[in-house]
Amino acid sequence: KQWYQRRVRAPPTLCKINVAGKEYITTYECLESYPSTLLGDPAQRQQFYRADMDAYFFNRSRACFETILAFYQTGRDHDPPDHVSLDLYDDERAFFKLPTI
C-alpha cells in the first residue's frame, strides 16, 4: 500500500490597500502577476506603505480603483464607472502603470 503525502499550500498572504480612506484587500500573488505595474512591483509598491495603517496608502480616485483592482483580479481591462470621466480613468491607469490591453 502506497501512502502519498498531500501537499498543503500555505494560504496566500493578504495585502491591504487604502485608497482615499477606503480599504481593499487582495493577495500579493494577485498583484505580482503583473510585475511591471506599480502594485505588482514590490519596490514601487513599498514607497506607499504606511506602517501606522499597516496598508499601502494612495490618495487617489476610489471610483477608479475598483476597476483597477478588477484588472489585477481578472487580467482584463474594464470600462470606467459611468460617473467617471475617461480622462480621470486614463490618468489613474497611467499612475498605476497598467498596460494597455
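In this report, the structure presented in the accompanying data block is examined.

## Topic: the overall build of the protein chain
Scanning the protein chain from N- to C-terminus turns up 4 helices and 4 strands. Across the protein chain, helices and strands are ordered from the amino to the carboxyl terminus as β-β-α-α-β-β-α-α. Its C-alpha atoms give the protein chain a radius of gyration of 16 Å, more than 25% over the compact-globule value 13 Å for 101 residues. Across its three principal directions, the C-alpha atoms of the protein chain cover 65 × 35 × 20 Å. For the protein chain, buried positions account for 35% of its 101 residues. Partitioning the intrachain contacts of the protein chain with sequence separation of at least 6 by distance along the chain shows that 53% fall at a separation of at least 24. Accessible surface, the protein chain as shown: approximately 6,900 Å² in total, 49% of it carbon and sulfur. Taken as two groups, the 13 positive and 14 negative side-chain charges of the protein chain have centres that lie 12 Å from each other.

## Some thoughts on the sheet that holds strand β2 (residues 22-27)
Ordered in space as β2-β1-β4-β3, the 4 strands form an open sheet in which the pairing is mixed. Because the sheet does not close on itself, it has two edges, and the strands there are β2 and β3 (49-50). In this sheet, strand β4 (residues 55-58) lies alongside strand β1 (residues 14-19) in parallel orientation, the contact comprising 3 bridges. Paired with Val19 across the strands is Phe58, a residue of β4.

## Some details on the side chain of Arg45
By secondary structure assignment, the location of Arg45 is in helix α2 (residues 42-46). Within polar-contact distance, the side chain of Arg45 engages the side chain of Glu32 at 2.9 Å. Not counting chain neighbours up to four residues away, the residues in contact with Arg45 comprise Tyr28, Leu31, Glu32, Leu38, Leu39, Gly40 and Tyr56.

## Remarks on helix α4 (residues 86-95)
By the burial criterion, the buried members of α4 are Tyr89, Glu92 and Arg93. Looking down the long axis of α4, one finds its buried residues gathered within 100° of arc, a one-sided arrangement. Turned more than 90 degrees away from the buried face of α4, the exposed residues are Asp87 and Ala94. Structurally, α4 contributes buried residues whose contacts are with α3 (62-74). Lys97 lies just past α4 and shows a positive phi near 60°.

## A word on α3
Under the 1.5 Å per step criterion, the end-to-end length of α3 is 19 Å for 13 residues, consistent within 8% with the ideal 18 Å. Contacts from the buried residues of α3 go to β1, β2, α1 (28-31) and α4. Here α3 starts with a cap whose side-chain oxygen sits 3.5 Å from the backbone nitrogen of Ala63, and that cap is Ser61. Just downstream of α3, Gly75 is the residue with a positive phi angle, here 75°.

The rules we used
- Residues numbered from 1 in each chain as written.
- Predicted model: local features only at pLDDT ≥ 70, side-chain atom pairs only at ≥ 80, totals over all residues.
- Heavy atoms only, no water.
- Helix = DSSP H or I, 4+ residues; strand = E, 2+ residues; numbered from the N terminus.
- Rg over C-alpha atoms; globule rule 2.2 N^0.38 Å.
- Buried < 20%, exposed > 50% of the residue type's maximum accessible area, 1.4 Å probe, protein only.
- Contact = heavy atoms within 4.5 Å.
- Areas by Shrake-Rupley, 256 points an atom, 1.4 Å probe, with all protein chains shown as cover.
- Lys, Arg positive; Asp, Glu negative; His and termini not counted.
- Charge placed at Lys NZ, Arg CZ, Asp CG, Glu CD.
- Pairing = 2+ DSSP bridges.
- Polar contact = N/O pair within 3.5 Å; in protein donor to acceptor, adjacent residues only side chain to side chain.
- Arc of directions from axis to C-beta.
- Expected span 1.5 Å × (residues − 1).

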